[in-house]
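Chain residues, written in single-letter form:
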Amino acid sequence: MPTTTHTVSWSGANTRRIERQGLAAPVPASPTAVPDLAGIMLGAHAQVLSAAELSLGLRIEGATRADVRTALWQEGALVKTYGPRGTVHLLATTDAPMWTGALSAVPGRASQQSNEIRLTAEQTDAVVAAVGEALSGAEKTADELTEAVVARTGSWAGDLVMPAFQGMWPRWRQAMHTAAHRGVLAFGPNRGRQVTYTNPGVAPMERGAALAELVRRYLYAYGPATPQHFAKWLAAPKSWATALFAELARGAVVEEVRFEGVGSAWVAAGDTEFPQPGEEAAGVRLLPYFDAFGIASQPRELLFPGRAFERALAGGQAGNFPLLLVDGVVAGVWHQRRAGKRVAITVEPLRKLTAGHVAEVERQAERIGEVAEGQAELTVGTVTVGPHA
């Protein structure tokens, strides 16, 4: 391993992350601002699409949800698909080869399905091929895709054997994430209230190169970080991530540093410039559910100090509450409720705010209303709903 030569403070790392993610100041608007930012953030969590629209829109000068939707559905600059942790993300389309190559290389968890339900490797390959064919140049609902897959593979693919919500899903749906990671499945625009899927036609990057690029990009956005941090962010085995970082260190892709509160950690090779004392993050930001910054930044006990660790993490899991950031750390939670054009925003601080902070909260709330194309109404008080409400 290379000799450690740099020591990085928590405030320096946190400030650099904030600056690189458009949270110190919004990035200038441009024709490529939305996908460029999605690339830097390594995706915007989009299980709830409105949260992804806020994550991206709040970081770009004057942007609204319409700009994100245009980049996604009209320009094709974003793709909605299964990203890190197997969750739905908006990813930059130009990054799709890296994502598919890297995610295909992450060791999967052992299937929890019984032998009678589980797909074999051969069946998985057959389903993925059928999905790719059925969705080529088409947008299909889950039911339409089931018919197409069964027609191409056999009745076994349509057996209703997988418990899901209040019903049962057909057997083939075990392979949806695999199909996405092989570049033949992504989300299409909703058809009314029905989700559709399409084939984005992505050719995955070679796995070794894809993993090296993903680690480099992850460390650029969220470093310094340890292999364990990377594994947690990606939902990958820790031992696998440790071996991957060791290989990348031998190849001079990553560089070891000393990180305050952590010890040994890693940055992308040569990327060792950090803000100095006196240049710490300042100001107020409101971040939506599952915002990339709150999910990926480590160590969490420093980002979520004091009461924030219990109040904002919902049992240790980041993302379930929208976050109030004050001077770079979590200082509260918030919630929004929309009714027509009205966007009611309740912000619950976990520490006393100065008059200047309150004024910034008001401006942030107004900005959320602009991004959501509505009229914000702010209340500073207790958030009474639970996580992910």
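That block above? That's the structure.
Conventions used here
- Residues numbered from 1 in each chain as written.
- Predicted model: local features only at pLDDT ≥ 70, side-chain atom pairs only at ≥ 80, totals over all residues.
- Heavy atoms only, no water.
- Helix = DSSP H or I, 4+ residues; strand = E, 2+ residues; numbered from the N terminus.
- Rg over C-alpha atoms; globule rule 2.2 N^0.38 Å.
- Buried < 20%, exposed > 50% of the residue type's maximum accessible area, 1.4 Å probe, protein only.
- Contact = heavy atoms within 4.5 Å.
- Areas by Shrake-Rupley, 256 points an atom, 1.4 Å probe, with all protein chains shown as cover.
- Lys, Arg positive; Asp, Glu negative; His and termini not counted.
- Charge placed at Lys NZ, Arg CZ, Asp CG, Glu CD.
- Axes fitted to C-alpha atoms, helices over the stretch in contact; angles between N-to-C directions.
- Parallel < 35°, antiparallel > 145°, perpendicular 65-115°, else oblique.
- Nonpolar A, V, L, I, M, F, W, Y, C, P; charged D, E, K, R; others polar.
- Phe/Tyr/Trp six-rings, centres within 6.5 Å; stacked < 30°, edge-to-face > 60°.
- Lys NZ or Arg CZ within 6 Å of the ring centre and 35° of its normal.
- Salt bridge = Lys/Arg side-chain N within 4 Å of Asp/Glu carboxyl O.
- Pairing = 2+ DSSP bridges.

(A) Expanded view of the overall build of the chain. Secondary structure summary: the chain contains 15 helices and 16 strands in total. In terms of overall dimensions, the chain is globule-like: its C-alpha atoms have a radius of gyration of 22 Å, near the 21 Å expected for 389 residues. Counting only residues that meet the buried cut, the chain has 53% of its 389 residues in that class. Intrachain contacts of the chain at a sequence separation of at least 6 include 65% that bridge at least 24 residues. Carbon and sulfur atoms make up 51% of the accessible area of the chain, which totals about 17200 Å². Seen as two clouds, the 36 positive and the 37 negative side-chain charges of the chain have centres 5 Å apart.

(B) Quick peek at the environment of Gly306. Mapped onto the fold, Gly306 is located in the loop between helix 13 (300-303) and helix 14 (308-311). Under the relative-accessibility criterion, Gly306 is labelled exposed at 65%. When the C-alpha atoms of Gly306 and Ala331 are compared, they prove to be 9.0 Å apart, with 25 residues separating the residues in sequence.

(C) Inspection of helix 10 (residues 227-234) at higher detail. The element helix 10 is extensively covered by neighbouring structure, given that 6 of its 8 residues are classed as buried. Among the residues making up helix 10, those that are buried are Pro227, His229, Phe230, Ala231, Trp233 and Leu234. If you follow the buried residues of helix 10, they end up packed against helix 5 (96-105), helix 9 (207-222), helix 11 (238-250), strand 11 (263-268) and helix 12 (292-296). Among the residues trailing helix 10, Ala235 stands out with phi positive, at a value near 60 degrees.

(D) Examining the packing of helix 9 against helix 10 more closely. Interhelical geometry of helix 9 versus helix 10 gives an angle of 105 degrees and a closest axis separation of 12 Å. Taken together, the axes of helix 9 and helix 10 are roughly perpendicular relative to one another. Residue-level contacts link Leu214, Val215 and Tyr218 of helix 9 to His229, Phe230, Trp233 and Leu234 of helix 10. The residue makeup of the contact of helix 9 with helix 10, split by class, is 6 nonpolar, 1 polar and no charged.

(E) Molecular detail of the packing of aromatic side chains. Here the structure, examined in full by the defined rule, presents 8 aromatic pairs. Taken together, a centroid distance of 5.1 Å and an interplanar angle of 70 degrees make the contact between Tyr218 and Phe230 edge-to-face. With Tyr218 in helix 9 and Phe230 in helix 10, the pair connects residues that are 12 residues apart, well separated along the chain. Each member of the pair, Tyr218 as well as Phe230, carries the same accessibility label: buried. Among the aromatic side chains, those forming a connected cluster through ring pairs are Trp99, Tyr218, Tyr222, Phe230, Trp233 and Phe245. The ring centre of Phe274 lies 3.7 Å from the NZ or CZ of Arg16, which sits over that ring. The ring of Tyr220 carries the charged tip of Arg20 above its face, separated from the ring centre by 3.7 Å.

(F) Looking closely at the environment of Ala212. Of note, Ala212 is situated in helix 9. C-alpha separation for the pair Ala212 and Gly183, spaced 29 residues apart in sequence, amounts to 19 Å. Leave out the neighbours within four places in its chain, and Ala212 touches Leu248 and Val253.

(G) Main features of unusual backbone geometry. Residue Pro224 is reached from Gly223 by a cis peptide bond, and omega for that bond is -5 degrees. Of note, the amide linkage connecting Gln298 to Pro299 takes the cis form, showing an omega dihedral of 0 degrees. One non-glycine residue with positive phi stands out, namely Ala252, at about 60 degrees. With respect to the secondary-structure elements, Ala252 resides in the loop between helix 11 and strand 10 (254-259).

(H) A look at the pattern of salt bridges. Under the counting rule described, the total for this entry stands at 16 salt bridges. With a shortest N-O distance of 2.7 Å, Asp95 and Arg217 are connected by a salt bridge. Pair noted here: Asp95 is in the loop between strand 4 (88-92) and helix 5 and Arg217 is in helix 9, with a separation of 122 residues, a long-range link. Accessibility assignment for this pair places Asp95 and Arg217 in one class, buried. Asp159 serves as the salt-bridge partner of Arg171, at 2.9 Å between the closest nitrogen and oxygen. Taken together, the residues Arg171 in the loop between strand 7 (167-170) and helix 8 (176-181) and Asp159 in the loop between helix 7 (142-153) and strand 6 (160-164) connect sequence positions 12 residues apart.

(I) Summary view of the sheet that holds strand 4. With antiparallel pairing, the 3 strands of this open sheet are ordered in space as 2-4-3. Edge positions in the sheet fall to strand 2 (44-45) and strand 3 (78-82), since each has one partner strand and no second. One ladder, built from 2 bridges, connects strand 2 with strand 4; its direction is antiparallel. Counterpart to His45 in the pairing with strand 4 is His89.

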